[in-house]
Structures are given as C-alpha cells and as structure tokens.
Amino acid sequence: MSSELRYTANTQLEHLHARYTGTGHADLTKYDWITHQHRDTLTSIVGHPSLLSYLALADGEAIGRTKFEMTERMLQPCGPPPKKDED
Amino acid sequence: MHLYNLTLQPPTAAAQAIVGNFSGARTQEIIISHGTRLELLRPDVQTGKLSTVIASDVFGSIRSLAAFRLTGSTKDYAIVGSDSGRIIILDYDPKSSSFVKLHQETFGKSGARRIVPGQYLATDPKGRSVMISAVEKAKLVYILNRDAAANLTISSPLEAHKNNAIIHHIVGLDVGFENPLFAALEVDYSESDQDPTGEAFNNAEKMLTYYELDLGLNHVVRKWSESTDPRANLLVQVPGGQVASTDRFDGPSGVLVCCEDHIIYRHMDRRQHRVPIPRRQHPLEDRQRGVIIVTAVMHKMKGAFFFLLQSEDGDLFKVTIDHEEDEVKALKIKYFDTVPVASSLCILKSGFLFVASEFGNHYLYQFQKLGDDDNEPEFSSTSYPGTGMANPTLALPHAHFRPRPLDNLALADETESLDPIIDSKVMNLLPNSDTPQIFTACGRGARSSFRTLRHGLDVEESVSSELPGIPNAVWTTKRREDDEFDTYIILSFVNGTLVLSIGETIEEVQDTGILSSAPTLAVQQIGADALLQVHPQGIRHILADHRVNQWSAPQGKTIVTATTNKRQVVVALSSAELVYFELDLDGQLNEYQDRKAMGSTITALSIAEVPEGRQRTPYLAVGCEDQTVRIVSLDPESTLETISLQALTAPPSTICIADMLDASINKTQPTMFVNIGLQNGVLLRTVLDPINGQLTDTRTRFLGNRPVRLVRVQIQGNPAILALSSRSWLNYTHQNLMHFTPLIFDNLDYAWSFSAELSPEGLIGIAGSVLRIFQIPKLGMKLKQDSIPLSLTPRRFISHPKNRHFYLIEGDHRVLGDEAANKRLQVMMQAGQHVDQEMLDLPPEIFGRPKAAAGNWASAIRIIDPVEGRTVSTITLDNNEAAFSLAFVPFAARNNELHLVVGTAQDTLLSPRSCTSGFLRTYRFTEDGVGLELLHKTETDDVPLAVLGFQGRLVAGVGKALRIYEIGKKKLLRKAENKTFSTAIVSLNTQGSRIIVGDMQESIHFAVYKAPENRLLIFADDTQPRWIAAVTMVDYNTVAASDRFGNIFVNRLDAKVSDQVDDDPTGAGILHEKGILMGAPHKTNMLCHFHVGDLVTSIHKVSLVAGGREVLLYTGIHGTIGILVPFVSKEDVDFISTLEQHMRTEQGSLVGRDHLSWRGYYVPVKAVVDGDLCETYARLPGSKQSAIAGELDRTVGEVLKKLEQLRVTASGF
C-alpha cells in the first residue's frame, strides 16, 4: 500500500467513525467498547415498547420514569473512564 | 416442523395516542399506537363511547407518532417514526376506510438504533415542518408543503445533528408564522467520556437548545442553547405567535421544561419561571424521592390555553400561564384530578379527555369543569423569590395537595385492555363449555386483575320472562312498512299462536286478525300495510282494515314450511309441491298458476329480501329430504325452473339466503350467501352467483350437536345471520369483513330481530319456555373478559390438579408491605408525629400506593376460584419477602401428599440481583386447598426463581444452581446440585428424568438426573445466547421458548443423543464427554424462529377446539394472544409460503419496514409463516387478489377458503 493510499484510507475511516457513532476500530479501548455497548443497549430498550414495559413492570416504576432513567444512564453507563497512563 | 402464526387477540397496550381530524370531517378522532399496530378510534360525542373505526398491523415497531396539519387545512395527517429508518406520513382515507401511505422517506438503517432517527417527533404547530430525532446525535428536519394540486409534499432532509449529544426530548415551538423553531433537551457526553476523575460527569449540563429552520435559506441553525435543570425529562409546547388580524399574542411562546420536582417556563432571552410539582403528603412517602411528569397535553381554547401534566403517580396538574402580550407574568400549577398513569393524554374539543393507560384499561373522561373556581391550592411562580429562579440549583420547598376522588372529570367510557399479560393458563374449567378458556393474570399494582377469557360475543340481556308453554318459534313484526319499531311479538306453540303487542308494556292482544287456534309457520309484514300469516292449513293475508284474504291448502295436504319477504311468499306442501305467490301492484297476493313437484319432501325454503327498487328476488333455495339443495328461479321468464343443485352430506334442516358485505369477495356490493344448516349440526355457506344462479365457494363449519336453525336478523343496521345449534353463533359484517362468532349466552331454540324504542337493535329469543330479549353491545370483540381484581402485580400462577383452584403469587417492588408499613407508622406515632389517616385510607386501586425505596416489597399468595370468579383466600408475606416462583410438589416421602412450595426472597434488589436470603416456603393444604399451612422455610443463598415438582421431590433453580430437595421435618433437605449454569435459572420443565432448564441469558439447557449416582448433569444446550422469558415442552425432545426481544423459537434435541443419554444408567458417559463451544457436549437444533414483536410471557401446548389439533398458544406482555399452528402437509406449506411471498411484495408495511427483516429481527425467520400477513389478502383489491391467486394456480375463493380453514380448524376463531 502506498503511503498516499494509506493516508486517504485513514481519513475516510476517521470520517466514517465521526459519522457513525458507535462504530468500533482496532484501537478501541475496553472502556470505549463497553460504553458503546451499554449506550446501544439502553437505546434499544427505550426504542422497543414491549421491552420497556417489561422492565418498568419488574422494577415497579412508571414507564415514563424507566425511560427517563435509561436515557439518563446513557451519559455515563459504565462509570468514569480509566486514568490514562502517564507515558 | 413448519408453523403458521396467527394472532387471535392483537396487542391492546397503548404506547402512544394522538388526536386530530384524520378523516377530514368535523369530528375528532384518536389514533393509538399499540406498538406494532395502529388503531383509529372515534368517540361518539353524544353517548361518550369510543368505537374502533379501523385497526391495522404495521409489521414494524412504532416508536413515535405525531398529528400534523398543513396551514389552512382541515385534515390531519399522522407522521410515524418507527424502527424502519424511514419517516412515514399516513393519511386516513374514510372512503376505503384504511391508512394510506403518502410519503416514505428513507434516512437510515432499520432497527431501533442509537443514531438513526425515529425515537422522537416534533411538528411545527403551523404545519410547515417536522423534526425527527434519534436518541443520540441525529436530528432531521423535513419541510412539508402542498403542491399546485393541493397534495402534501415533503422536502429532502436538513440535518441538525450534534455529535456526542444524548437527546431526551424534542418539541416544536409555537412562533406563529416566523421561521419554525424546534427545542431539544440534550446532554453532551464528550467531556465526561474523557475525564477519569468523574468531575465532568457530575458537572454535565443538560442543554435546552433551539434549532431554527430558516425557510428562506433552506437551512437549520442552532439558534440558542442554554443549560437547564440536570433532571429535566420532558418539554411541552407553549402557545405563541400573533393573530394576524389583531395584534394580540396567542401566548408567550417558549417551552415548559418538566424536571424532577419542578416545572420551568423557559424561552429565549426571557425571564424564567419555576414552580414545584405538588406532592402528596403521604405518611409513608419517601421524601427524598423526586416526582417527574410522565406525560403532558396542552389545550388551546378561544383566547386561552392550559396544560394538563401527569405525574408518575397518576395525578393530573393543571398548569396555566398569566401573560401580558408575550411576557410571562406568572406560572401557576394546581392539582386537577387523579387518573391512571398514561402513556398519552388526548383532549378533544368536544370536552373529553382520553387517557391511554400505560398498563391496563384505557379510559375516556368527560370534563365537568376546568378546575377554575375551587379551593384547591394553587402555586404560582410569583410567590417564590425571583419567580422561583433565585437559586436554580436549590430545590423549591415542597408544595402539597390532597388527592381526592374525581371532581373535574367524569368517566364516560372504558376500553378493555389485557396489557400486560404476565402469566396465563389455558384450560376448560367452566361448566357447559366445550372449548377451553384462557385465564390471564394482567395489569400492574393495585389495578391488576385476573381475567377469564372466553371465545365469543358478549350479550346484554334486557328482558327475561316465563311463558305459559314452550313455544317453538317467535317472530316480531311491524304493522306498516314505514313503522320505525316492531308492533307485535308472535309466538307459535304446538297447537296455537299467541300475539303480544309491544308498547309501554308487553301484553296479549286478540283482534289482530292472526289465527290463534293453529301453530304458525311464518309471519311477514307484506306490502305497504298488510300482515301475512302462514299456518299449516293456509295463508292469511290481513289487510290494514282487518279484512282477511285466505288461501287454503288443497284437501288432504298441509303446508310444511314457508318463506316470505315483502313481496313474495313460497310455501311447501306435504305433497312435496311448491306454491309460489307474489304481490301485485294493487297489493293482492296472486298464486302462480303452476305448482312445482320436487320429488322429495321439502325440509327448508329460503328467499332473500327484495332488493331495493326491484319487484322480486329472482332465486329460491329449496332443501329436500334427499340431501340436496336446489336453486329455483322466481323470474317471470322461467318461474319455478330448477337452476342448480348442490348435494349435501345430511338432510338440510334450514336455509337462509342473505345479502351481506364481505370485502374479501366483493368490496362494494353485498354478496348473496346461501347458508345451509344440516341436521347433523354442520353449516355450509355458499356464494350464489347473481347472474347464473350457480352455487360456488362452499365453506363448512361445525356449530354443535343439534340440527341447525338459521335466522336472518339486523345487527347495527346490517344484515346478519343467527345460527342456532347447541351453541348460538352470529355471522355478521364488521369493518367490511365477515365474522362468525359464538354468543356467550344460553342455548336458544329460536330467535328473531327485535326493535322497540328501548332496544332499537335487539334480538328476541326463546330458550325452553323463557322469552328473552337481548342486545349485542360490542361487535368485533372475539374474547369476552370476566375479571377478578388483584391487589398487587401478579407474577405467576398454577392450577391445582384436583380442586381446580388457581394459586397465584403477586408482588410489587418499591412498595411497602403491610407489616413494614404498620411498623413504620407505629414508630412515627411513638415519636409523636402526626399520621394522616385519611391519606392512608385512600383506595390504592385509584391512587396507587406510595413509592418506597428500591428493595422494598409487598407480596402475597392468593387462591382463586375461577368458576365462581372470586378470591378464596390471601396469604400476605412478611419480612419484606417477595414470592418469585411456586409449584405443587407431591413429596414421595410424605405418601405423595401434595404440597405447595413457594420460592421467595428477602430484601431483593433487581440490579444487580441480590437478596439477604432466599427461602423455599413449604405449605400443606388445609380445608381442601382453601387454606394453606406453613410447614417450614428453607433458606437459600440466592433468589429461587424457578421451582418444580420432580419425581416425588422438589427441583429448584436457585440463582445459578439447580438443586433437588427432599422434604424433611424442619427443612427441605438438599440432595443433589449442579452449579454450572451461567446466569440464573428462570424456568423449569420436566418429563421423565429429564429437566429442561431455562437460563436467564444463556438459553435452554437439557439436564438429566441420574438417580443411581445422584447426579444432575447437563448434556445439551443451545448454540445461541437467549434471554429466556417462557418455555414449554412440545415433546420429550422439543421445546418452544421465547426471549425478551420478542422472538419465539423451537429447539429440538437429536433423537439419537436423547436415547444415548437415557441408556446411560449412571451418567458417566455424559460426565466424561468433551464439551463443545465451552458448553455441554451436545447442541440442540433450531427448528423454527419467528419475531412476534411483543415480548412473549407464556407459551402453552393446547387444543383450542374440541377434537382439534394441538397448537402453541402464546401471550404477550402488550396483551397479544396468538397461536402457532403446525402445518399438516407439505402442500400446505408450499402453498402458504408462496402466498406469503406474494403478500410481502404486494402489501408493504405501513411503516416501511421490510416484512422479512421484521419477522427476522434478531435471527432470520425460519419455518414460520406469518398468518397475519397472509390474512390481509382478504383486504387486497380484487385485481391483485386474482393476480396472486393466478400465480398460485387457484381461484381467489380457494385461497380465501384455505386461509379461513387454517384459522377455524386451529382456533375456532
């Protein structure tokens, strides 16, 4: 692969990542990956009425409350990110 | 195995509801989204009743719905956001009574994804544009307009994306005719994703952002963005804009931001106003817990507007805004009323409030007043410093109100909804029933119910009176053609006839001219004002002036049967001759010169009603003893000539010709059906070709074990047929399609239409010597529901094998149990705190129970007698224990005495699942199962989510462990254990020594118990991870199960493996076999897979019709009841799958979801045909129907017959 081609391929990939949030890549950290997973899952719960009813029913909360708490949790579903190494 | 999926009862949960003038007429209608189905309801303003206009499956998941009206138009459109990656604009076409897809614009992938719009919809109130948004980042704006021909047009999308932003809600602002403005509630996560200290997360701000659509530049700009309360969850549009003629402002514009505990008025560059959400001052309330608004509605009246906001407890608050021009002076909130918690509220201009409940029945309320002048405390932003915003980070002091019974609203109508069905059983327990009933545990909290569902139409009886003898027939008749109501009831006895007149009271009359000394064969109001009576000796034509023209039967012959309509009379003589009479223009009844000999005794006759504007109906159907039905012409050209003949399997007992509309055969004109009832209880329905008189398209149906009797009646202004056998059935047209449903009523011997002032659309029937007058209130309902109230959310129930009682466990999370509540109250009283008894006494079924912190449970065991329909007894659990599973166990060590084992857990937390201790409570039955006596409690280390009787012992799934327990004196004794399950055991089924274990996340495991070595071994599992919701065994090697994502599937174990495992006495073979894919040594094969679209909560293998095939019946959380029918032949499979393929191309989904990918949402659909899609064949236009039928080498009639046959033989529905 010529250096020029690699350059264009990378920018394309970066562009794609910016466009399609949640797409993974080779250098994805474990934290990023699991956070994406959780955000995808939470969206799926909020987006499927029957699943949302099921969870609200189990938890004894109103559907509106369950939906709200699920969306709130998307902000940081897996806690703060790990500290970056000093190097 | 190949299955055919049919929905018997579509989902009834309301995910969302919108109101608008969808038909373009002056009346407002409501569209409800049932998740996978759209229903259009029309409220009757006079009676306050809701009726369904149409309902249609969309074959996709509806996530959002909005009503939309172009500027200056009078018709609303529905905009649908779904999981199809498309925005859909639907138009309701009242002519064809269907939803028409006007626009379908693709913008992304299908599925409920994070960045594909569809979750939220916001429309511009002036009808110029719509915004559709995803949960994260993506927002698209479409401009809507009309073209020269006044058709709706849609632009290409304009992006208003914001990266790394989670969107909580969007709404369209009311800005009059300025550029459309949309508000979004967003949180940016980019900083908190980068900050390991967590500070950025704590400081994350929720932004209220305005997006302006610049119509001139065709471009969306972020106009304004400011932070608001971090716990904001909902935006509500506030009216605004100026009226063009005056300069008056409709309102201040802007939004209400609903937050936890507060409502904030917000608009660009304007002063904020904040009021607290009033709270109930319940002694047991958790004061730390905030209140949020779950749904809101704004209503504009002439020159004024108000909001109704509903909190998660169901309390409605009326919010008003005092404004001068576009400047807000005060924001006010007050308590309005309490109704069930809704997913949507709709206010109709006619003064109704529709509450689409999130669980349970839906309600229509009528406004009595608007809460303007009452003593309810009102909280205004002006009474707080800085209009409530002096310190936005600090909460305002709590405001309180007292909940009370409805004051401003009055209940007008209730729509039954099974949502949610949590568990069910299918059994035939009721006396005098030959088909099984479906018992369901539905609902949530104090509004839960236990419902018995019976297939049939509900009947409302208004009169039931004893007669002097046993009549054999009944008729009602008017006196004159133009009378509105019936005048006489005529009862025929073995030796005479009784005439009753209908007035204020019903009493006998003598001077009617009707012969009372002989039985009657037929009565007819004939001509303009005459009556006709047919009796065995002749015919009496009674004129208006009481003169009687008689026709006597020839010497030595009698009339055996007769049929009449307004202008024609046909009688059959005992000599097997037909005599035909017709009314001439002078009102004289003339006999046709010839009589026709049929050659065989005539048992039944029928002619249709005279078609409008015609002299006569041209066909007569004659049923003869020789098992034939002949169609005879009554046309003047060929009078009494036989046209066609149909052979039968038994002598006909009755015939009925009726013109009824069936859109599957003819969309515009009623079809002439010849219904033939046979001596053996079978009904044949054939179509009479109006041109050539040939009989085609014969369908048969078994009605009961008595000879059939058919009566033509009027139901809601349309012709219908009552078919009487050992059960009574009604054949009627509903929403243009033909239905055939049994009546849930006593057996009738004879029946007729009945129309009087009090009961304009009734029916009259005789059952033995009792005369009964009744109505059918709700057509289209196929399941009649009887319900018993429960006090807490039902969890599971089982049926006692002997005494037929149901044992049900119920429990609610975040609710204090009685014991804990009393303890807490006592502490409060001892501390000298005031305890508000009035609040404690509020009925929980209306006001709910106060919410407690997570980990609190109220739970009980309930014993129900389903036949009597009542609760026999209730046992409340103490110690904050909640019941999760129960089973009957005949302990071998106690002489197989039946015990009830209930799996409970104390202080249970759901996520992560934990408890201080689990228990297995063992109960003995007392007083024949009416009472329970606790023998002992066995502690377990985790929640026992599944228990089951197994070979005279108990097998329990306790967390990850599968254990076998033996009964002991003080405890259950653990005998064997297997702890290798991955998540938690949620279901157990057994046959022989095999145990089928359903794991919460890891699908189904096949385990076996080897008694000699006391080993519990897993020998087979699934290759796919599945979040199991319900499991049932189809046979020894096959299981049908469902998962949480709406799939239903069938797995089968190889018979060879099964034998091999059974032949291994000690299980050593399995123990030393090598595992595959980090699991058991063997894997099951997936045979069938299907995405139902509703979360399936229970599956049963049952036969729904007497002597019918077994099917898999399932119930869904949204109230779906469906069946999976195994196909019997390969030809059927080929035929129906080909039909399904054609239907997929012809009948696109209303939300634009590809059908194949919808039914294969998570796993490609396998070996299951979607019957719901196939049945829409009946609604296709005739040309398409015949094109598809042509491809299949069949006629349209054959295709329809096959579809009906599949439904009827499997379900009887």
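Basis of the calculations
- Residues numbered from 1 in each chain as written.
- Chains lettered and ligands numbered in written order.
- Predicted model: local features only at pLDDT ≥ 70, side-chain atom pairs only at ≥ 80, totals over all residues.
- Heavy atoms only, no water.
- Core = buried A, V, L, I, M, F, W, Y, C linked by side-chain atoms within 4.5 Å.
- Buried < 20%, exposed > 50% of the residue type's maximum accessible area, 1.4 Å probe, protein only.
- Contact = heavy atoms within 4.5 Å.
- Pairing = 2+ DSSP bridges.
- Helix = DSSP H or I, 4+ residues; strand = E, 2+ residues; numbered from the N terminus.
- Axes fitted to C-alpha atoms, helices over the stretch in contact; angles between N-to-C directions.
- Salt bridge = Lys/Arg side-chain N within 4 Å of Asp/Glu carboxyl O.
- Phe/Tyr/Trp six-rings, centres within 6.5 Å; stacked < 30°, edge-to-face > 60°.
- Lys NZ or Arg CZ within 6 Å of the ring centre and 35° of its normal.
- Buried area = accessible area lost by both parts, 1.4 Å probe.
- Nonpolar A, V, L, I, M, F, W, Y, C, P; charged D, E, K, R; others polar.
- pLDDT = per-residue confidence, 0-100.

Asker: When you look at the nonpolar core in this model, what are you seeing that I'm missing?
Answerer: A general feature of soluble globular proteins is that nonpolar side chains tend to end up buried together. Within the largest apolar cluster, 44 residues are counted, with the highest numbers of intra-cluster contacts made by B:Tyr4, B:Leu1113, B:Ile1123, B:Ile1136, B:Leu1139 and B:Tyr1177. Ignoring any residue separated from it by four or fewer positions in sequence, one finds B:Ile1136 in contact with B:Tyr4, B:Phe1127, B:Val1169, B:Cys1174, B:Lys1202, B:Leu1203 and B:Leu1206.

Asker: Which parts of the structure should I look at to understand the sheet that holds strand β42 (residues 522-526) of chain B?
Answerer: Within a sheet, neighbouring strands are paired by backbone hydrogen bonds and run either parallel or antiparallel to one another. Residue and element names in this part refer to chain B. Ordered in space as β42-β43-β44-β45, the four strands form an open sheet in which the pairing is antiparallel. The open sheet has two edge strands, β42 and β45 (548-552), and neither has a second partner. Across the sheet, the mean angle separating the axes of adjacent strands is 15° when strand polarity is ignored. Relative to strand β43 (residues 530-535), β42 is paired through five bridges, and the arrangement is antiparallel. Considered in β43, the bridge of Ile 526 is made with Ala 530.

Asker: Hey, could you run me through the pattern of salt bridges in this one?
Answerer: Opposite charge on two side chains allows them to pair when their charged atoms are near. In the structure shown here, the tally under the stated rule is 79 salt bridges over all chains. The closest approach of N and O atoms between B:Glu285 and B:Arg287, which form a salt bridge, is 3.6 Å. Among the residues examined, B:Glu285 registers a relative accessible area of 17% and is labelled buried. The exposure class assigned to B:Arg287 is partly exposed, which follows from its relative accessible area of 45%. A salt bridge links B:Lys332 to B:Asp322; the shortest N-O distance between them is 2.9 Å. Remark: B:Asp322 occurs in strand β26 (residues 315-324) and B:Lys332 occurs in strand β27 (residues 327-338); sequence separation between them is 10 residues. The exposure class assigned to B:Asp322 is partly exposed, which follows from its relative accessible area of 30%. When salt bridges that share partners are traced, they join A:Asp59, A:Glu61, A:Arg65, A:Glu69, A:Glu72, B:Lys206, B:Arg231, B:Glu260, B:Arg289, B:Glu312 and B:Arg814 into one network.

Asker: Just checking my understanding: could you explain the packing of aromatic side chains for this structure?
Answerer: The relation between two aromatic rings is expressed through the spacing of the ring centres and the mutual angle of the planes. Residues and elements named next belong to chain B. Following the criterion strictly, the structure yields 29 aromatic pairs over all chains and no others. Seen in terms of ring centroids, Tyr 1161 and Tyr 1162 are 4.7 Å apart; in terms of plane orientation they differ by 20°. Their pairing is stacked. Classification of Tyr 1162 by relative accessible area gives partly exposed; the value is 36%. Among the aromatic residues, those joined into a ring-pair cluster are Trp 1027, Phe 1045, Trp 1158, Tyr 1161 and Tyr 1162. Directly above the aromatic system of Phe 306 lies the positively charged group of Lys 318, at a separation of 5.3 Å from the ring centroid. Sitting over the face of the ring of Phe 1135, Arg 1194 holds its NZ or CZ atom 4.2 Å from the ring centroid.

Asker: It is not clear to me how the pairing of strand β29 (residues 352-357) of chain B should be interpreted in this structure. Could you clarify?
Answerer: Regular strands place their side chains on alternate faces of the sheet. Residues and elements named next belong to chain B. When you tally the buried positions in β29, you get six out of six residues, the bulk of the element. Alternating residues of β29 divide into Phe 352, Phe 354 and Ala 356 and Leu 353, Val 355 and Ser 357, and every residue in both groups is buried. Sheet topology note: the strand β28 (residues 342-348)/β29 ladder contains six bridges and is antiparallel. Paired with Ile 347 across the bridge in β29 is Leu 353. Here β28 folds back onto β29 in antiparallel fashion, the turn holding three residues, of which Gly 351 has a positive phi close to 90°. Summarising the sheet, β29 and strand β30 (residues 362-367) pair through four bridges and their orientation is antiparallel. Within the sheet, the bridge partner assigned to Phe 354 lies in β30 and is Leu 364. Hairpin connection of β29 to β30: four residues between the antiparallel strands, including Gly 360 at a positive phi of 85°.

Asker: Whenever I open this one, the interface of chain A and chain B confuses me. Can you help?
Answerer: Many analyses report the size of an interface as the accessible area lost when the parts associate. Taken together, the contact between chain A and chain B spans 43 residues of the former and 63 residues of the latter. Taken together, the two surfaces of chain A and chain B that pack against each other cover about 4,300 Å², and 56% of this comes from carbon and sulfur. On the chain A side of the contact with chain B, A:Leu57, A:Arg65 and A:Leu75 bury the most area, a combined 16% of that side's loss. The interface formed by chain A and chain B includes 10 salt bridges. A salt bridge links A:Glu61 to B:Arg289; the shortest N-O distance between them is 2.8 Å. Breaking the side of chain A that touches chain B down by element, the ones donating at least two residues are α1 (3-19), α2 (30-47), α3 (49-59) and α4 (63-73) of chain A. For the side of chain A that touches chain B, the per-class residue count stands at 18 nonpolar, 14 polar and 11 charged.

Asker: Looking at this structure, I do not really get the confidence of the model for chain A. What am I missing?
Answerer: Reading fine detail from the predicted coordinates is not recommended where pLDDT is low. Within chain A, residue pLDDT values average 86, and 87% of them lie at 70 or more. Confidence scores differ between elements of chain A, with α1(A) showing the lowest mean pLDDT of 71 and α4(A) the highest of 96.

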